[in-house]
Amino acid sequence: MSSWLSWPVRIVSFLFWYAKEFIMANVHVTLDVLRPASRMKMTPAIIAVPAASRSDSEWTLISSLITLTPGTLTITISRKHGILYVHGMFVEGREELVAEIQEMEDRLLRAMRREPGDLSRPVMAPIVAPEGESGGGGGRR
Amino acid sequence: MNDVSMIIGVGAIFLGIFILLVSAVGLFRFPDLYLRASAVGTSAGLGVACIVVGALLIDFSWMNLIKALIAVLAQMLASAVGSMAIARSGYQNNSLPADITWIDDLRLTRRDLHDQGEIPR
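Residues numbered from 1 in each chain as written. Chains lettered and ligands numbered in written order. Predicted model: local features only at pLDDT ≥ 70, side-chain atom pairs only at ≥ 80, totals over all residues.

### A short note on the sheet that holds strand β1 (residues 45–50) of chain A
Read from one edge of the open sheet, three strands run β1-β3-β2 (chain A), paired in antiparallel fashion. Of all strands in the sheet, those bounded by a partner on one side alone are β1 and β2 (72–78) of chain A. Between one strand and the next, the sheet's axes are offset by a mean angle of 25°, whatever the strand orientation. Across six bridges, β1(A) lies against strand β3 (residues 83–88) of chain A in antiparallel orientation. Counterpart to V49(A) in the pairing with β3(A) is L84(A). Packed on one face of the sheet, helix α2 (residues 56–68) of chain A meets β2 and β3 of chain A and runs near 150° to β2(A). Those strands touched by helix α3 (residues 62–92) of chain B are β2 and β3 of chain A, and its axis lies near 65° from that of β2(A). (Pairing = 2+ DSSP bridges. Helix = DSSP H or I, 4+ residues; strand = E, 2+ residues; numbered from the N terminus. Axes fitted to C-alpha atoms, helices over the stretch in contact; angles between N-to-C directions. Contact = placed C-beta atoms within 7 Å.)

### Describing α3(B)
Over its 31 residues, α3(B) extends 45 Å from the first C-alpha to the last, a length consistent with the 45 Å expected when each residue adds 1.5 Å. Listed as buried for α3(B) are M76(B), S79(B), A80(B), S83(B), M84(B), A87(B), R88(B) and Y91(B). Elements that come into contact with the buried residues of α3(B) comprise α2, β2 and β3 of chain A together with α2 (33–58) of chain B. N94(B) sits one or two residues past α3(B) and shows a positive phi near 65°. (Expected span 1.5 Å × (residues − 1). Buried ≥ 20, exposed ≤ 12 C-beta atoms within 10 Å, placed from the backbone.)

Below you can see the structure in the form of structure tokens.
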């Protein structure tokens, strides 16, 4: 029964947390755009982030929210393997970006689901080899 | 009260113009499609949202509040979905990330590189 009571609190606290992250990321990116080229310190990377989302709406919201945050961009997802392919602008290391995205996803899922339920991420190391079946084009997922 | 909301509204409009200007500068300064899409797509969304909120504060009514909320939500959604569509189709059409991109997990999923033997299975 307490999950009914804490649900609105979780939704509102997610919205405030996301607004804070959104503004901070905006300032960060704006400063980097205006910095002289010699001191630009961009370290972009495309990272496979294991995701805990299950339903269509969860996948849509988490990938949109990642893209909406300046500096990070969802390029594509693999629902089958539970992976978000995220392009980050300031990536210090694989673990840092994965932790950042997974924190956002944890908070989002706790706000979206009445019972937080299963937040586990079954794929620890992403399965990256393409399928064996024939078909043209590259990198299609 | 009217003066205060007028000043805040004009401030929000100028902030929005500044954000749009910065993202336009970003278009020229960033080296590849993905950096441009992630910086510009979202900053442009925020810039338009700021301008809409500023206009709302200058000319406030409940009807305008509803219109502004819908406009901001639609703008955010459109800029997010648009950036993702551009980035995804760019990757599928061989627009490679700039050399400073130091990890590229998506590259490992490319079937054509596996066929050429550039990446071991």
